[in-house]
There are 2 protein chains.
Amino acid sequence: MVKIKDVAEAAGVSTATVSRVLSNKPHVREEVKKRVMAVVKKLNYQPNRVAQSLRSNTSRIIALIVADIENPFFQRVSRAVDDAAQELGYNVILCNTDEDPIKEKKCLDLLRVENVAGIILSPTRKGIDNFTETYSLEKPIVMIDRHVSNFDVDNVLIDNVSSAYAIVSHLIEHGYKRIAGVFGAESTTGQERRQGFLKALKDNDIKPSQDLIKYSTPRENDGFNTALSLLQRNDRPDAIFTSNSLLASGTIRAIRESKLSIPNDIAIASFDDTSWAQLIDPALTVIEQPTYEIGRTAAELLIKRINDPSRSNREVVLKTKLVIRQSCGCSN
Amino acid sequence: MVKIKDVAEAAGVSTATVSRVLSNKPHVREEVKKRVMAVVKKLNYQPNRVAQSLRSNTSRIIALIVADIENPFFQRVSRAVDDAAQELGYNVILCNTDEDPIKEKKCLDLLRVENVAGIILSPTRKGIDNFTETYSLEKPIVMIDRHVSNFDVDNVLIDNVSSAYAIVSHLIEHGYKRIAGVFGAESTTGQERRQGFLKALKDNDIKPSQDLIKYSTPRENDGFNTALSLLQRNDRPDAIFTSNSLLASGTIRAIRESKLSIPNDIAIASFDDTSWAQLIDPALTVIEQPTYEIGRTAAELLIKRINDPSRSNREVVLKTKLVIRQSCGCSN
DNA sequence: AAATTAAATGTAAACGTTTACATTGTTGAC
DNA sequence: GTCAACAATGTAAACGTTTACATTTAATTT
């Protein structure tokens, strides 16, 4: 492996000069610069990142911490983060916490010792405390999917309240009255989507029934069980809104199992577009989040901040889209 | 950040001794060991991985290189790799090459300079050359999803030929005669699954029609287009086998669009179980790969090899499972 | 009890960079 | 023509570990 010393010798300069050339520092003649670059190319020199990292206390690795990598939402986001990072010369370490505090702690410890340059985080509700405790904000952080105001971080968000409002209103327009909501427990997004849900009911003079508001860990199977319990009631709902695709999947399975027909017996609409949303029959009406853009924006914000730590932090709110298909009762 | 020197001072020993204690090297008294560990705990000392990495030329990061992270197969695998790695104290960098040689090159360069401890790779057909050129096998490698014999690597595989044989045979049992196959281009798994497909036809005295054998880049949309072209033929197939879930998804969409009914007008069966396979109606008959196990096995093999480079390499072939649902014509 | 060996520990070099500081060379002001 | 100021370059320390080698201490052999 060729090192900076080799380049320096071949170019007849000191290592300091080579370093200066490579990091575009001033005070080096154009002629020398050319010469060094030629050698670099000829020897195919690539700086040792580990050494760079040790000396300069920086790195070209960012971390992405998600609670559930099984969730298509995070998969898309992670893909986007990866793309953006790679373009900008960064690697990304992916950490999956499974909403498990122990795993989360382990994950944060790993990151700390690896000296990552920054973190993109989608915190669970309790996560955030655990997090700042261990991590103490030494490094730039971008929060996605959740608003955090009391910390010095960037945010990439969507408007959960109004998005939920829009899709639930759409259900209401179809005449559904007994609309159930299944929300992800543990996350603030679930909370916000519930708010939008309630507001839509209220604005349409529908009195929400507590019995029809459920919380479920965002896993397919839990969604299934929750939905099943809703469907087995005497006064079962005539429509269900689910706050993410895992819950939607479980709910649809429960509806199938109950031999009910969508949307005649029961309508369904959900947050998050997925690969299978238009594969099922009837196709699923959803709020489509700009997942790819969320990830990309987060990565870009993070790297900008890494390069300029004094940058004021910002909150980017991205637009969602109501994608109307047939599960809500719309025809065609 | 507390460093080894701090620990050494607090424990009244030299840094060398602390290092020895921490890496379980011999030649240190039990009493001293205890004392050092106590200090380590008290100060919450955590070795700086970057420094360790620089000095010892090792690291606790492994890389997972996949061609398409949108593919549910790789998502599951990556999840498993992540889990196993984390348990063993490793971080994983995920690289997505998108089958794009340029991206792949970039990715490998990034890895080289980050000094990863090893690589788990699912190479595309041409990938492998590109790969060894850049990477020159300095570090341990585990190949997944593809057999590579001429290199000193471990392999984690499934038996593609016999799996495809099994599922296609099942279609044949239902009486389908004009069975089309849509295979992933660029990958050897596609090739092998085609072999199994052909063998099943042959063993049942069905003459394969070249017109019904298609190759498609493994993307949903390409699968859609490929399937559409098959369905628009006068002599359209009465069953379709797809060699992965992305192609299956596209194919199902095409079937829907053509207003054909599954399995009456046309049956379908595919490689790869996914979240939506039992969500669609009729549910999809598939070959289920032990994706999680593949990832976990790969990670474990890799880390074992990292710790013992002289270990003889092995090839692990995992079993698949034919999951019979209704899209093949089975009832209930 | 001296000599030999082995165990325990310490000292300092090394890993490949970046960078503070020192040195030399050049330019322009007076 | 001297001096100041600055540009260009070099020297060497520093980053936080591991580890070869040296040293001290203890155990064993003679």
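Calculation criteria
One numbering rule holds for all chains: residues counted from 1, following each sequence as written. Starting at A for chains and at 1 for ligands, labels are handed out in the order in which the entities are written. Restriction of local features to residues with pLDDT of at least 70 applies here, the model being predicted, together with a cutoff of 80 or more for giving and counting side-chain atom pairs; totals for whole chains, interfaces and linings are based on all residues. In this text, helices come from DSSP runs of H or I with a minimum length of four residues, and strands from runs of E with a minimum of two, each type numbered from the N-terminal end. Throughout, the radius of gyration refers to the C-alpha atoms, and the reference size of a globule is 2.2 Å times the residue count to the power 0.38. Residues are called buried when their C-beta atom has 20 or more other C-beta atoms within 10 Å, exposed when it has 12 or fewer, and partly exposed otherwise; all C-beta atoms are positioned from the backbone. Strand pairing is defined by DSSP finding a minimum of two bridges between the two strands. A fitted line through C-alpha atoms represents every axis, and for helices the fit uses only the stretch in contact; the resulting angles, taken between N-to-C directions, go from 0 to 180 degrees. Whether two residues are in contact is decided by their C-beta atoms, placed from the backbone, lying within 7 Å. Residues are sorted three ways: Asp, Glu, Lys and Arg are charged, Ala, Val, Leu, Ile, Met, Phe, Trp, Tyr, Cys and Pro are nonpolar, and all the rest, Gly among them, are polar. Only the C-beta atom matters for nearness: placed from the backbone, it must lie within 6 Å of the molecule or strand for the residue to count as near. To line up the copies, we fit them by least squares on C-alpha atoms, keeping just the residues with pLDDT of at least 70 in both. For classification purposes, angles smaller than 35 degrees are called roughly parallel, those larger than 145 roughly antiparallel, those between 65 and 115 roughly perpendicular, and all remaining angles oblique. Either an automatic procedure or a domain database provided the assignment from which the domain bounds are taken. Take the number of residues in a helix, subtract one, and multiply by 1.5 Å to get its expected span. As used throughout, a nonpolar core is a set of buried Ala, Val, Leu, Ile, Met, Phe, Trp, Tyr and Cys residues joined through C-beta atoms within 7 Å of each other.

A. Structural view of the overall build of chain A. What chain A contains, in helices and strands, is 12 helices and 12 strands. In terms of C-alpha radius of gyration, chain A reaches 25 Å, well past the compact-globule figure of 20 Å for 332 residues. C-alpha atoms of chain A, sized along the principal axes, occupy 85 × 40 × 35 Å. Counting every position in chain A, which comprises 332 residues, the buried fraction comes to 50%.

B. Geometry of the sheet that holds strand 10 (residues 285-288) of chain A. Residues and elements named next belong to chain A. Across the sheet, which stays open at both edges, the 6 strands sit in the order 7-6-8-9-10-12 with mixed pairing between neighbours. A single partner strand is all that each edge strand has here, and the edge strands are strand 7 (213-216) and strand 12 (321-323). Sheet twist, expressed as the mean angle between neighbouring strand axes with direction ignored, is 15°. In this structure, strand 8 (residues 239-242) lies alongside strand 9 (residues 267-271), joined through 4 bridges in parallel fashion. What sits directly across from alanine 239, in strand 9, is alanine 267. The strands touched by helix 9 (residues 188-203) within the sheet are strand 6 (179-184), strand 7, strand 8 and strand 9, with strand 6 carrying the most contacts at an inclination of about 165°.

C. Summary view of the interface of chain A and chain B. Between chain A and chain B, the contact holds 37 residues from the first and 36 residues from the second. Of all the elements in the fold, those that place two or more residues in the side of chain A that touches chain B are helix 4 (49-56), helix 5 (72-87), strand 2 (91-96), helix 6 (101-114) and helix 11 (245-257) of chain A. Of the residues forming the side of chain A that touches chain B, the biggest block, 7 residues, is contributed by helix 6 of chain A. Here the side of chain A that touches chain B is composed, by residue class, of 16 nonpolar, 10 polar and 11 charged.

D. Just the protein's contact with DNA strand C, in detail. Neighbouring DNA strand C are 28 residues, the closest being Ile4, Ala16 and Ser19 of chain A together with Ala16 and Arg55 of chain B. Elements with a contribution of two residues or more to the surface near DNA strand C: helix 1 (4-11), helix 2 (15-22) and helix 4 of chain A together with helix 2 (15-22) and helix 4 (49-56) of chain B. Grouping the constituent residues of the surface near DNA strand C by class yields 12 nonpolar, 10 polar and 6 charged.

E. Layout of the sheet that holds strand 12 (residues 321-323) of chain B. All names here are of chain B. With respect to topology, 6 strands assemble into an open sheet ordered 7-6-8-9-10-12, the strand pairing being mixed. Of all strands in the sheet, those with a lone pairing partner are strand 7 (213-216) and strand 12, marking the two edges. Here the strands of the sheet are splayed against their neighbours by 15° on average, with no regard to which way each runs. Most of the contacts of helix 9 (residues 188-203) go to strand 6 (residues 179-184), to which it runs at about 165°, and overall it touches strand 6, strand 7, strand 8 (239-242) and strand 9 (267-271). Of the strands in this sheet, strand 6, strand 7, strand 8 and strand 9 touch helix 11 (residues 245-257), which is tilted by about 165° from strand 9.

F. Representation of the relation of the copies chain A and chain B within the structure. Rotating chain A by 180° and moving it 0.0 Å along the rotation axis overlays it on chain B with an RMSD of 0.1 Å. Such values leave the two copies arranged in the relation of a two-fold axis. Comparing contact sets, 97% of the residues at the interface of chain A also lie at the interface in chain B, consistent with an isologous, same-surface contact.

G. Quick peek at the packing of helix 1 (residues 4-11) of chain B against helix 2 of chain B. All names here are of chain B. One can describe the packing of helix 1 onto helix 2 by two numbers: an axis separation of 8 Å at closest approach and a directional angle of 105°. What the angle tells us is that helix 1 and helix 2 run roughly perpendicular. Listed contacts from helix 2 to Ile4, Lys5, Val7, Ala8 and Ala11 of helix 1 are Thr15, Val18 and Ser19. Across the contact of helix 1 with helix 2, the residue classes break down as 5 nonpolar, 2 polar and 1 charged.

H. Quick peek at the domain arrangement of chain A. Domain assignment breaks chain A into domain 1 (4-47), domain 2 (58-158 + 291-320) and domain 3 (160-289). Between domain 1 of chain A and domain 3 of chain A, the C-alpha centre-to-centre distance is 61 Å.

I. The arrangement of helix 5 (residues 72-87) of chain B in detail. In this model, helix 5 of chain B (16 residues) spans 23 Å end to end at C-alpha, consistent with the 22 Å of a helix rising 1.5 Å per residue. Across the 16 residues of helix 5 of chain B, 13 count as buried, placing the element largely inside the fold.

J. Structural context of the nonpolar core. Formed by 84 residues in total, the largest nonpolar core has its most connected members in Ile62, Val92 and Ile120 of chain A together with Ile62, Val92 and Ile120 of chain B. Those residues in contact with valine 92 of chain A that lie beyond four places of it in its chain are Ile62, Ala63, Leu64, Val81, Asp82 and Ala85 of chain A together with Ile93 and Leu94 of chain B. Ranked by size, the runner-up nonpolar core spans 81 residues in total, among them Phe183 of chain A together with Tyr165, Ile268 and Ala269 of chain B.

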